[in-house]
Amino acid sequence: MEKIWIAGAKGHVGSALCDLLDCRHYEILPTDLEEVDITDRESVSNYVRVSRPDVLINCVGFGDIASCEAQPDKAYQVNTVGARNLAVQAQAIGAKLIHLSTDDVFSHHARQPYNEFEIPTPSTIYGKSKLAGERFVQNLCTRHVIVRSSWVYGIGKDFVNTILEAANNPSVTSMEVAENEFASPTSATELAKVIEQLIDNDCLGIYHAVCGGFCSRFEFAQAILKAIHAKDKLTLKPISDSETINYSVLDNMMLRLENFTQPISWQQALKDYIRTTGGNN
């Protein structure tokens, strides 16, 4: 029975993986920061030496863009140094490392979806720290898979949660939402299904994994309110932070070329998520 170490098991994707993976097929080793601090080399080394996982899945990330700008050392400590520590230990025992990354490694200035062969040019500390983490994984671990996604949501704090809380708060009557940001909203459950496919095969390298289609933040917010029948509870005001379009839509080219089952449309994934959670995040 394969041992699967899920680092960051309490986060969006980590939680979804713990729910999805069949314990009859895998021995799941879920940890969070208080159990194994991936930024601490010795902590990672000790855990790997004792547990000997066959697959390491790195779901840990410091992902708030504004916080990363304010705390660059923490961003690089978690997103870069943490990735390095896992890569070194995975290589030491011959394990596969599945590392989660982001659309923010790109500049967001394109007008067509980014595939896996586009050259990353991040402009934020978050994107730069995640790309640096990717580089460590690529250079230090032979058996690696890097999975990039976008606008991931699930149980916890995220954009969907923000809209749901506002709609359920009588004191909040309106909210400003960007209409010039475009990407593919992706549920943690759909992303976990892609990761499950990547666990037991020999496919390595970079994969984009997002739900089908794309939308603006404003359109996404509208869809969330519609899904919970709360369009009359919250007035959305479209805004543009700048005159430029912020476009970070990803193309799942490698999933398509290798005939993987791809995530469903973002609209259907959102409906499934709301139905499953009852609109409570």
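Residue numbers run consecutively from 1 along every chain, following the written order of its sequence. Given that this is a predicted model, residues contribute local features only at a pLDDT of at least 70 and side-chain atom pairs are listed and counted only at 80 or more, while totals for whole chains, interfaces and linings are drawn from all residues. Where side-chain values are given, they derive from all heavy atoms of the structure, hydrogens and water being excluded.

**A look at the pattern of salt bridges**
For clarity, the cut-off: We define a salt bridge as a contact between a side-chain nitrogen of Lys or Arg and a carboxyl oxygen of Asp or Glu at a distance within 4 Å. Exposure classes here rest on a 1.4 Å probe applied to the protein chains alone. A residue is buried below 20% of its type maximum, exposed above 50%, and partly exposed in between. Helical segments are the DSSP runs of H or I of at least four residues, strand segments are the runs of E of at least two, and each set is numbered from the N terminus.
Taken as a whole and judged by the stated rule, the model has eight salt bridges. Ionic pairing is found between Arg24 and Asp22, a salt bridge with its closest N-O pair at 2.8 Å. Taking the relative accessible area as the measure of exposure, Arg24 reaches 68% and is therefore exposed. Among the ionic pairs, Glu181 bridges to Arg217, the shortest N-O distance being 3.3 Å. Of the two residues, Glu181 sits in strand 8 (residues 181-183) while Arg217 sits in helix 8 (residues 217-227), which places them 36 residues apart along the sequence. Among the residues examined, Arg217 registers a relative accessible area of 18% and is labelled buried.

**Quick word on the side chain of Thr186**
Rules: Counting of polar contacts relies on pairs of N or O atoms within 3.5 Å, with two restrictions inside protein: one atom must be capable of donating a hydrogen and the other of accepting it, and residues adjacent in sequence are counted only when both atoms are side-chain atoms. Throughout, a residue-residue contact means that at least one pair of heavy atoms, one from each residue, lies within 4.5 Å.
Inspection of the secondary structure puts Thr186 in strand 9 (residues 186-187). One polar contact links the side chain of Thr186 to the main-chain carbonyl oxygen of Ser150, over a distance of 3.4 Å. Dropping the residues within four chain positions of it, Thr186 is found in contact with Ser149, Ser150, Trp151, Val152, Tyr153, Leu191, Ala209, Val210 and Cys211.

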